[in-house]
Amino acid sequence: MNSIRRMLVKASESRWLRERAPRLGFVRGAAARFMPGEKPEEALAAARTLADSGISTLLTQLGENIAVRAEAEKVVAHYLDLLERVRDADLPSEVSVKLTQLGLDLDREFCFANLATLIERSRAASPAAEKTLWIDMEQSAYVDATLELHARARKKNRNVGVCVQAYLRRTEKDVESVVSMGAAVRLVKGAYSEPPEIAFPKKEDVDENFFRLSQMLLSPEARRAGVRAVMATHDRKLIARISEWAAAQGIAKSQLEFAMLFGIQRAEQLRLAREGYRSGVLISYGSFWFPWFMRRLAERPANVLFLVRNLFSS
Ligand SMILES: Cc1cc2nc3c(=O)[nH]c(=O)nc-3n(C[C@H](O)[C@H](O)[C@H](O)COP(=O)(O)OP(=O)(O)OC[C@H]3O[C@@H](n4cnc5c(N)ncnc54)[C@H](O)[C@@H]3O)c2cc1C
């Protein structure tokens, strides 16, 4: 990870910046490129527009590391209401949550109960097709707890999915385990700053691991077990490599699912949907966007130019 990236990820963890920077107009303006708005109504309207182009959505209210029980309860109430709205509007949208937003730092059992409530409601959110409640993957210190709660939740209800990160050396083993469960898995490269002992420091190694993990998630064994694999990346080279390999394996386009973030690689999102792949977009909303926005800048330091441009145009 180069020094600009490291600095941006560090900024994402700074409480001081998180409390001050979002008040600056040029920072808000630059963040707006990656989110349709702070309100759930704005996220739902964007989900409708994307649905009209054949793109499904994942909705997430920004927030992490909640330290007060009542705050986590508010998050659960918010998502319960959102799931109702998704059902009423008949949108092809699912919800993705961070466990630290549901109280993982406070009490694992409390977090599990919150998660179970949301999974149960997601199941009922669509009479036609069951919806998956997705669990984001956060920093490496949370991986064991996240996989454990996911596995426990899955014993009760199968409509739960988990994210795994290709930059972690351990992920191959974790993928073996989720494949054996026939789970829903979202594969990403990984958005946090992790030490080389546990994460591949070189981008080419992360990309290669992403490809190998995709092959595992799309293997005949995984498909027999009922795995739902979502390759969440904006990397067009990787998308092409995975889709070519899948075609050679006889996997239909309609069985390949890709996902990207709102506002990034829009043309590619549309192309995938048009060509018959399953194409999804994660829409983030809410007022707690600063750490998330810093991670988006870290993924592509050229995005800092947007920030600078907004500074001069505000
Ligand atoms: C649907 C979805 C869910 C995710 N959930 C998680 C999660 O739960 N946990 C987690 O750790 N990470 C998550 N991520 C983030 C992920 O880990 C990566 O940080 C992010 O997707 C960037 O990596 P990339 O695969 O796009 O590849 P990269 O190699 O980083 O990017 C490939 C190309 O995509 C474009 N691009 C990538 N990022 C940006 C950007 N921010 N702005 C503009 N262009 C960009 C650029 O053209 C770049 O060259 C998620 C990503 C997606 C799409």
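See the structure printed just above.
Below you will find a few notes about this structure. Note that the structure is a prediction, hence the values are computed from the model and not measured.

**Some points on the side chain of Gln101**
In step 1: Within the secondary structure layout, Gln101 lies in the loop between β2 (93-97) and α6 (108-123).
In step 2: At 2.6 Å, the side chain of Gln101 and the backbone oxygen of Gln61 are in polar contact.
In step 3: Setting aside residues up to four positions removed in sequence, Gln101 forms contacts with Gln61, Leu62, Gly63, Glu64, Asn65, Ile66, Ala72, Val75 and Tyr79.

**A closer look at the environment of Leu168**
In step 1: Tracing the backbone through its elements, the reader meets Leu168 in the loop between β4 (160-165) and α8 (171-181).
In step 2: Put simply, Leu168 and Val143 are 25 residues apart on the chain and 10.0 Å apart in space, counted from C-alpha to C-alpha.
In step 3: Discounting chain neighbours no more than four positions away, the residues touching Leu168 are Ser140, Val143, Glu194, Ile198, Ala199, Phe200 and Asn209.

**Section: the site of the ligand**
In step 1: Residues in contact with the ligand amount to 26 residues; listed here are only the nearest, Lys189, Lys203, Thr233, His234 and Glu299.
In step 2: Between the ligand and Lys189 there is a distance of 2.6 Å, counted from an oxygen atom to a side-chain nitrogen or oxygen.
In step 3: Among the elements of the structure, β4, β5 (184-188), β7 (257-261) and α13 (290-299) are those that each provide at least two residues to the shell around the ligand.
In step 4: Here the shell around the ligand gets 3 residues from one element, more than from any other, and that element is β7.
In step 5: Of the residues contributing to the shell around the ligand, the split by class is 12 nonpolar, 6 polar and 8 charged.

**Brief notes about the pattern of salt bridges**
In step 1: Enumeration over the complete set of coordinates arrives at 26 salt bridges.
In step 2: With its nearest N and O atoms 3.6 Å apart, the salt bridge here joins Lys10 to Glu13.
In step 3: Exposure remark for Lys10: the relative accessible area of 56% places this residue in the exposed category.
In step 4: Across the salt bridge formed by Arg108 and Glu148, the nearest N and O atoms sit 2.4 Å from each other.

**Observations concerning the sheet that holds strand β8 (residues 278-285)**
In step 1: Here we have 8 strands rolled up into a closed barrel, ordered β1-β2-β3-β4-β5-β6-β7-β8, and parallel in their pairing. For this sheet, the mean inter-axis angle between neighbouring strands, taken without regard to orientation, is 30°.
In step 2: Relative to β8, β7 runs parallel, the two being bridged by 5 bridges. Among the inter-strand pairings, Phe258 is bridged to a residue of β8, identified as Ser279.
In step 3: Contacts from helix α5 (residues 69-89) reach β1 (56-61), β2 and β8, with the element oriented near 155° to β1.
In step 4: Sheet contacts for helix α9 (residues 203-217): β5 and β6 (228-232); angle to β5, the most-contacted strand, approximately 165°.

**Looking at the environment of Phe34**
In step 1: Residue placement: Phe34 occurs in the loop between α3 (25-31) and α4 (40-52).
In step 2: For the pair Phe34 and Ile264, spaced 230 residues apart in sequence, the C-alpha to C-alpha distance is 7.3 Å.
In step 3: Contacts of Phe34, omitting those with residues within four sequence positions, involve Phe262, Ile264, Trp292, Phe293, Arg296 and Asn303.

**Observations concerning unusual backbone geometry**
In step 1: Positive phi is not limited to glycine here, since Asp90 has a value of about 50°.
In step 2: The topology assignment puts Asp90 in the loop between α5 and β2.
In step 3: Here Asp90 falls in the exposed class, since its relative accessible area comes to 65%.
In step 4: One non-glycine residue, Gln265, lies in positive phi territory at about 55°.
In step 5: By the element assignment, Gln265 lies in the loop between β7 and α12 (266-274).

**So, the side chain of Asp235**
In step 1: Locating Asp235 in the fold gives a position in the loop between β6 and α11 (236-248).
In step 2: Within the structure, the side chain of Asp235 is placed 2.8 Å from the side chain of Lys189, a separation counted as a polar contact.
In step 3: Among the polar contacts listed, one links the side chain of Asp235 to the backbone nitrogen of Lys237, at a separation of 3.2 Å.
In step 4: Not counting the four nearest positions on each side in its chain, Asp235 is found in contact with Lys189, Lys203 and Asp207.

**Regarding the nonpolar core**
In step 1: Counting 107 residues, the largest nonpolar core has Leu59, Leu102, Leu115, Ile283, Trp289 and Phe293 as the members making the most contacts within it.
In step 2: For this core, the leading source of residues is α5, giving 8 residues.
In step 3: Beyond its immediate chain neighbours, meaning those up to four positions away, Leu102 contacts Ala72, Val75, Val76, Val97, Phe110, Cys111, Asn114, Leu115 and Leu118.

The rules we used
Per chain, residues are indexed from 1 in the order of the written sequence. For a predicted model such as this one, the threshold for reporting local features is a pLDDT of at least 70, and the threshold for listing and counting side-chain atom pairs is 80 or more; totals across whole chains, interfaces and linings nevertheless cover every residue. The side-chain values count all of the structure's non-hydrogen atoms but skip hydrogen atoms and water molecules. In this description a helix means any DSSP run of H or I spanning at least four residues, a strand means any run of E spanning at least two, and both kinds are numbered starting from the N terminus. Residues adjacent in sequence count toward polar contacts only when both atoms are side-chain atoms; beyond that, a polar contact is any pair of N or O atoms within 3.5 Å, and within protein one must be able to donate a hydrogen and the other to accept it. We call two residues in contact when some of their heavy atoms are within 4.5 Å. The rule for a residue being near a molecule or strand is that one of its heavy atoms must lie within 4 Å of it. Ten residues, namely Ala, Val, Leu, Ile, Met, Phe, Trp, Tyr, Cys and Pro, are considered nonpolar, four, namely Asp, Glu, Lys and Arg, are considered charged, and the remaining ones, Gly among them, are considered polar. When a carboxyl oxygen of Asp or Glu is within 4 Å of a side-chain nitrogen of Lys or Arg, the pair counts as a salt bridge. Only protein chains enter the accessibility calculation, which uses a 1.4 Å probe; a residue whose area is less than 20% of its type maximum is buried, one above 50% is exposed, and one in between is partly exposed. By this definition, two strands are paired if DSSP reports at least two bridges between them. Axes, fitted as lines to C-alpha atoms, cover a helix only where it is in contact. Angles between the N-to-C directions of the axes lie from 0 to 180 degrees. Here the nonpolar core consists of buried residues drawn from Ala, Val, Leu, Ile, Met, Phe, Trp, Tyr and Cys, with membership extended through side-chain atoms lying within 4.5 Å.

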